[in-house]
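Letter by letter, the chains look like this.
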Amino acid sequence: MTRHEPQTAFSACPHDCPSTCALEIDLRPDGGIGRVRGAKDNTYTAGVICAKVARYAERLYHPDRLLRPLRRIGRKGERRFEEISWDAALDLIAERFLAAEAEHGAETVWPYHYAGTMGLVQRDSIHRFRHAKGYSRQFDTFCTNMAWTGYVAGTGKLAGPDPREMALSDQIVIWGTNPVATQVNVMTHAIAARKTRGARIIVVDVYETDTMKQADLGLIIKPGTDGALACAIMHVLFRDGYADRPYLDAYTDCPAALEAHLAARTPEWAAGLTGLSVERIEEAARRIGEVKKTYFRLGYGFTRSRNGAVAMHAATSIAAVTGAWKYEGGGAFHNNGAIYGHDKSMIEAPELIDPAVRALDQSLIGRILTGDTAALLGGPPVTAMLIQNTNPVSVAPEQERVKQGFLREDLFTVVHEQFMTETAEMADIVLPATQFLEHDDIYKGGGHQHLMLGPKVTDPPSGPRENLYVLNALAKRLGAKDHPGFHMTAREHIDWMLKSSGYGSLETLEDSRWIDLQPDFETSHYLSGFGHADGKYHFRPDWGKSASPNKPAGDPMGPWRTMPDLPDHWDSIEHTDLQHPFRLVTAPARSFLNSTFNETESSRKREKRPEVWIRPQDAAKYKIADGAHVKMGNARGVVTLHARYVDTIAPGTVVSEGLWPNSAFEDGKGINTLTGADPVAPYGGAAFHDTAVWLRAMD
Ligand SMILES: Nc1nc2c(c(=O)[nH]1)N[C@H]1C(S)=C(S)[C@@H](COP(=O)(O)OP(=O)(O)OC[C@H]3O[C@@H](n4cnc5c(=O)[nH]c(N)nc54)[C@H](O)[C@@H]3O)O[C@H]1N2
Ligand SMILES: Nc1nc2c(c(=O)[nH]1)N[C@H]1C(S)=C(S)[C@@H](COP(=O)(O)OP(=O)(O)OC[C@H]3O[C@@H](n4cnc5c(=O)[nH]c(N)nc54)[C@H](O)[C@@H]3O)O[C@H]1N2
Ligand code: SF4
Ligand SMILES: [Mo]
């Protein structure tokens, strides 16, 4: 803890945020933490972090932190628990997991996790645990499926131009992400480009976000119409001589077919779909055509729709039409997942995987726990769960079913948590977890290129234990197949991974704090070829055979056979009708991170209360006043919240920023009561921003 300066420790932000900031932590004389700051000498973080992490002490020393293992003594969900010892808790869990296994087979146990910590040791050791027992696997679908699949369909690889190059670009197109709220460092580099080079910023969203407020050109479009906008932009680029034909011939698979296909995708056509004026689309296209050094920073938000993969591929394709990839400060970036090449085998034990064991869809948890045979993939019911790093009762879609499932008396649920979340309230056993500053881990940035050390910098209170401890202790009690990973500390795991990956050792990383793994310019810009076997950018994605990192073992899913074979508007979104006249987008709130930080007072104060934002013109039609108490619903359920008039939203669209705890809504039904879990084509994912709803004033 005193490796650098006596009063300052370093770490990395563990939260599920593409920025993965390099942190400096002020240490108090008693060893506790003070202010958290961004590391100035990390070239991506550049000294800037978000407000909620700067005040981390509020979360670390929160009076509601879980400190002791708890056992349920009331009925399910009644929130009555008694304290027990760690040993008693672990013994009981082992007994119940073994009994469940004896009755239904090992697949009845479903270790369930996600990204509350992005630390590779503490997040992913659960895989070693599940594989060593033959427990059900998890098909991850909350977040990345449509975005990664769509990007990789074009480029063949999940990587791109160095995000720091944004500072060297002449124009930055921030598409379907709200970095002021969700990944603040994108703004650092984009604003630097504006200050030093007069770069322009274009933002595409469905409402005027804080990011769009900073833009030179803001395009507010109807949700799920990004494919149409991208096609119309490309139409103009071809029509007006902005297409880089030598680049297209050398680097792309079928430019002539694309051009012919786009002939009918005119700005007039896209105006009808997106709600933008023809002039606005023409203006955006002209700016993108004129400025060669345009950096497309493509986010997740616009892919959380049933046509999200198609939308991502279409937006990525624009950079291939202009040839922006050739230039420093140009190209299209989404995520750098493919650059790391780190060896996770000691953490995850892939050699223990039995491919016959089912992989249950994380987003279908509601259907799975309520016995839907299709969702259970024909296997046994789930009767035991160990949950780490996720809060499905709040974050998962089809919330009514999720709650119903967790209420099952024959389901034995263990939740390892830092706080009494709404998922922990449903548990049979609650185990207290350490926070990131209290354990060792290693992180990689999705939105940048650093592998970063996050060492333990302060002692936890007595009680909370790290994920690795729980998994190793349970593996032993459960008689899991032995694996060296079960006998290693987090520091030993980190050291092993670094050595095995050729990235030095724990000792060298303690010294350097991070490693910059950005590939060279040629590679990052695909100048020696794209990631596909033919080295070309693919306008024709061949969806059923994609190289997506999210590809599951089985067949493609959803209506994938009707996906367009070239960039297009794919009309597969949830449609409005007379009963459901609005389309709801559940965008993230600036002061929460998914459901994390919704326990801190300052975040709740800043976000005020659950609201649905609506255009006054739209509200008037349904006699909804500004500030009105409203119900919002669809076939999945009904929520109660307050309306607020906001002029700058796409027509027919309503926005509810979250994630608030369910209990902040009047009847305890959170926003995910309304969202659907149906798997999006072709490789799954939940369409969180693609929901048709009705709205009704309550009085
Ligand atoms: N403060 C804060 N930060 C976060 C999070 C958080 O909850 N709060 N969540 C973290 C996580 S897990 C992730 S994955 C990232 C995600 O961060 P982003 O990539 O920013 O993605 P989203 O947060 O889903 O949505 C971003 C924007 O997409 C817009 N959007 C929704 N539908 C459409 C559409 O059809 N078209 C267009 N053009 N825009 C659309 C929304 O209005 C929203 O402003 O952020 C991380 N950072
Ligand atoms: N309506 C709507 N729903 C959404 C989204 C949306 O935009 N709209 N976004 C979706 C997206 S992109 C994502 S990624 C998911 C995210 O959903 P989750 O992965 O569930 O994310 P969090 O809400 O951050 O919950 C993480 C939990 O992990 C706990 N935790 C943190 N660190 C540790 C640790 O070291 N050990 C243990 N045991 N626990 C820890 C935290 O206390 C927190 O309760 O939500 C999805 N849900
Ligand atoms: S911006 Fe994201 S990575 Fe950086 S400190 Fe905030 S939550 Fe963490
Ligand atoms: Mo996410």
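For clarity, every value in this text was computed on a predicted model and none was experimentally measured. (Residues numbered from 1 in each chain as written. Chains lettered and ligands numbered in written order. Predicted model: local features only at pLDDT ≥ 70, side-chain atom pairs only at ≥ 80, totals over all residues. Heavy atoms only, no water.)

With that settled, consider the overall build of the chain. Within the chain, the secondary structure is distributed over 24 helices and 25 strands. Here the C-alpha coordinates of the chain stretch approximately 70 × 65 × 50 Å along the principal axes. In the chain, the proportion of contacts linking residues at least 24 apart, taken out of those at least 6 apart, comes to 76%. Separation between the mean location of the 77 positive side-chain charges and that of the 87 negative ones in the chain comes to 2 Å. (Helix = DSSP H or I, 4+ residues; strand = E, 2+ residues; numbered from the N terminus. Contact = heavy atoms within 4.5 Å. Lys, Arg positive; Asp, Glu negative; His and termini not counted. Charge placed at Lys NZ, Arg CZ, Asp CG, Glu CD.)

We note that the domain assignment places domain 1 (7-60), domain 2 (70-140 + 342-444 + 455-501), domain 3 (146-334 + 522-540 + 556-562) and domain 4 (582-697) within the chain. Taking only C-alpha atoms, the centre of domain 3 and the centre of domain 4 are 27 Å apart. Tallying the contact residues gives 24 residues for domain 3 and 28 residues for domain 4. Of the roughly 2,300 Å² buried at the junction of domain 3 and domain 4 (both faces included), carbon and sulfur atoms supply 62%. Between the two partners, domain 3 and domain 4, sit three salt bridges. Run the count over domain 3 and domain 4 and you get ten residue pairs in polar contact (both at pLDDT 80 or more). Considering every element that reaches the side of domain 3 that touches domain 4, the biggest residue donor is helix 6 (residues 179-182), with three residues. Among the residues making up the side of domain 3 that touches domain 4, the classes are represented as 13 nonpolar, six polar and five charged. (Domains from an automatic or database assignment. Buried area = accessible area lost by both parts, 1.4 Å probe. Salt bridge = Lys/Arg side-chain N within 4 Å of Asp/Glu carboxyl O. Polar contact = N/O pair within 3.5 Å; in protein donor to acceptor, adjacent residues only side chain to side chain. Nonpolar A, V, L, I, M, F, W, Y, C, P; charged D, E, K, R; others polar.)

Let us look at the site of ligand 1. Around ligand 1, 30 residues are found, and the nearest of them are T177, D205, D226, F592 and N594. One of the backbone N or O atoms of G176 is found 3.5 Å from an oxygen atom in ligand 1. Across the shell around ligand 1, the residue classes tally to 14 nonpolar, ten polar and six charged. Both domain 3 (146-334 + 522-540 + 556-562) and domain 4 (582-697) contribute no fewer than three residues apiece to the shell around ligand 1. (Near = heavy atom within 4 Å.)

Of all six residues making up strand 9 (residues 200-205), five are buried, and the element is well covered by its neighbours. As judged from the five bridges shared by strand 8 (residues 171-175) and strand 9, these two strands associate in the parallel manner. In the sheet register, I172 faces strand 9, and the bridge partner there is I201. Relative to strand 10 (residues 217-220), strand 9 runs parallel, the two sharing four bridges. Considered in strand 10, the bridge of V203 is made with G218. (Buried < 20%, exposed > 50% of the residue type's maximum accessible area, 1.4 Å probe, protein only. Pairing = 2+ DSSP bridges.)

What follows is about the nonpolar core. Proteins that are soluble and globular tend to have nonpolar side chains buried together. Counting 159 residues, the largest nonpolar core has W175, M385, F406 and M632 as the members making the most contacts within it. Leave out the neighbours within four places in its chain, and F406 touches K76, I365, L369, M385, I387, P392, V393, L411, T413, T423 and M426. Ranked by size, the runner-up nonpolar core spans 30 residues in total, among them A106, V109, A349 and L352. (Core = buried A, V, L, I, M, F, W, Y, C linked by side-chain atoms within 4.5 Å.)

Within the open sheet, the six strands sit side by side as 5-4-16-15-14-6. Their pairing is mixed. For this open sheet the edge positions go to strand 5 (81-83) and strand 6 (109-113), each flanked by a neighbour on one side alone. Across the sheet, the mean angle from the axis of one strand to that of its neighbour is 20 degrees, orientation sign disregarded. Relative to strand 5, strand 4 (residues 70-72) runs antiparallel, the two sharing three bridges. Its bridge partner lying in strand 5, L70 is registered against E83. The sheet strands contacting helix 19 (residues 467-477) are strand 14 (384-388), strand 15 (412-417) and strand 16 (429-432), and the helix crosses strand 14 at an angle near 155 degrees. (Axes fitted to C-alpha atoms, helices over the stretch in contact; angles between N-to-C directions.)

Around ligand 2 sit 31 residues in total, of which T390, E417, N467, S595 and T596 are the nearest. A distance of 2.5 Å separates an oxygen atom of ligand 2 from a polar side-chain atom of E417. Contacts to ligand 2 include N467, whose side-chain N or O atom sits 2.8 Å from a nitrogen atom. Look at ligand 2: alone it shows 930 Å² of surface, and the protein chains cover 96% of it. There are two domains that each give the shell around ligand 2 at least three residues, and those are domain 2 (70-140 + 342-444 + 455-501) and domain 4 (582-697). (Areas by Shrake-Rupley, 256 points an atom, 1.4 Å probe, with all protein chains shown as cover.)

The end-to-end C-alpha distance of helix 3 (residues 86-104) is 27 Å, a good match for the 27 Å that 19 residues give at a rise of 1.5 Å each. Taken together, the buried positions of helix 3 are W86, A89, L90, I93, A94, F97 and A100. Relative to the axis of helix 3, the buried residues are bounded by an arc of 135 degrees and lie together on one face. More than 90 degrees from the buried face of helix 3, the exposed residues found are E95, A102 and E103. G105 lies just past helix 3 and shows a positive phi near 95 degrees. (Expected span 1.5 Å × (residues − 1). Arc of directions from axis to C-beta.)

It is worth spelling out the environment of R123 at this point. Structurally, R123 can be placed in helix 4 (residues 120-133). Not counting residues up to four positions away in its chain, the partners in contact with R123 are H113, Y114, A115, T117, M118, K344, N389 and D441.

On to helix 20 (residues 490-501). In this model helix 20 runs 16 Å from its N-terminal to its C-terminal C-alpha over twelve residues, within 8% of the 16 Å that 1.5 Å per residue would give. Among the residues of helix 20, A490, H493, I494, D495, M497, L498 and S501 are the ones counted as buried. A positive phi of about 75 degrees marks G502, the residue just after helix 20.

Per the counting criterion, the structure on display carries zero disulfides. Looking at C231, it has no disulfide partner, and the nearest cysteine sulfur is the one in C254, 12 Å off. Relative accessible area serves as the criterion here: at 0%, C231 is assigned to the buried category. (Disulfide = S-S within 2.5 Å.)

For the rest of this paragraph, the subject is the packing of aromatic side chains. Under the definition given, this model contains 19 aromatic pairs. When the ring of F97 is compared with that of Y135, the centres are 6.1 Å apart and the planes differ by 85 degrees; the resulting orientation is edge-to-face. Taken together, the positions of F97 in helix 3 and Y135 in the loop between helix 4 and strand 7 (137-139) put the pair 38 residues apart, joining distant regions of the chain. Plain terms: the ring middles of Y247 and Y251 are 4.5 Å apart, the flat faces sit at 20 degrees to each other, and that makes the pair stacked. Here Y247 pairs with Y251, and both are found in helix 10 (residues 245-251), just four residues apart, close to one helical turn. Assigned by exposure class, Y247 and Y251 land together as buried. An aromatic cluster is built from W325, Y526, F530, Y537 and F539, whose rings are joined through pairwise contacts. (Phe/Tyr/Trp six-rings, centres within 6.5 Å; stacked < 30°, edge-to-face > 60°.)

Attention shifts here to the environment of I220. Within the fold, I220 resides in strand 10. We classify I220 as partly exposed; its relative accessible area is 22%. When the C-alpha positions of I220 and G676 are compared, they lie 24 Å apart, and in sequence the two are 456 residues distant. Once residues within four sequence positions are removed from consideration, I220 is found in contact with D205, V206, Y207, E208, M212, T274, L276, T648, I649 and A650.

Relative orientation of the contacting elements helix 9 (residues 226-239) and helix 11 (residues 255-262) amounts to 110 degrees, with a least axis distance of 9 Å. In terms of orientation, helix 9 lies roughly perpendicular with respect to helix 11. Each of C231, M234, H235 and F238 in helix 9 lies in contact with helix 11, whose residues at this interface are P255, L258, E259 and L262. Taken together, the residues of the contact of helix 9 with helix 11 break down into six nonpolar, one polar and one charged. (Parallel < 35°, antiparallel > 145°, perpendicular 65-115°, else oblique.)

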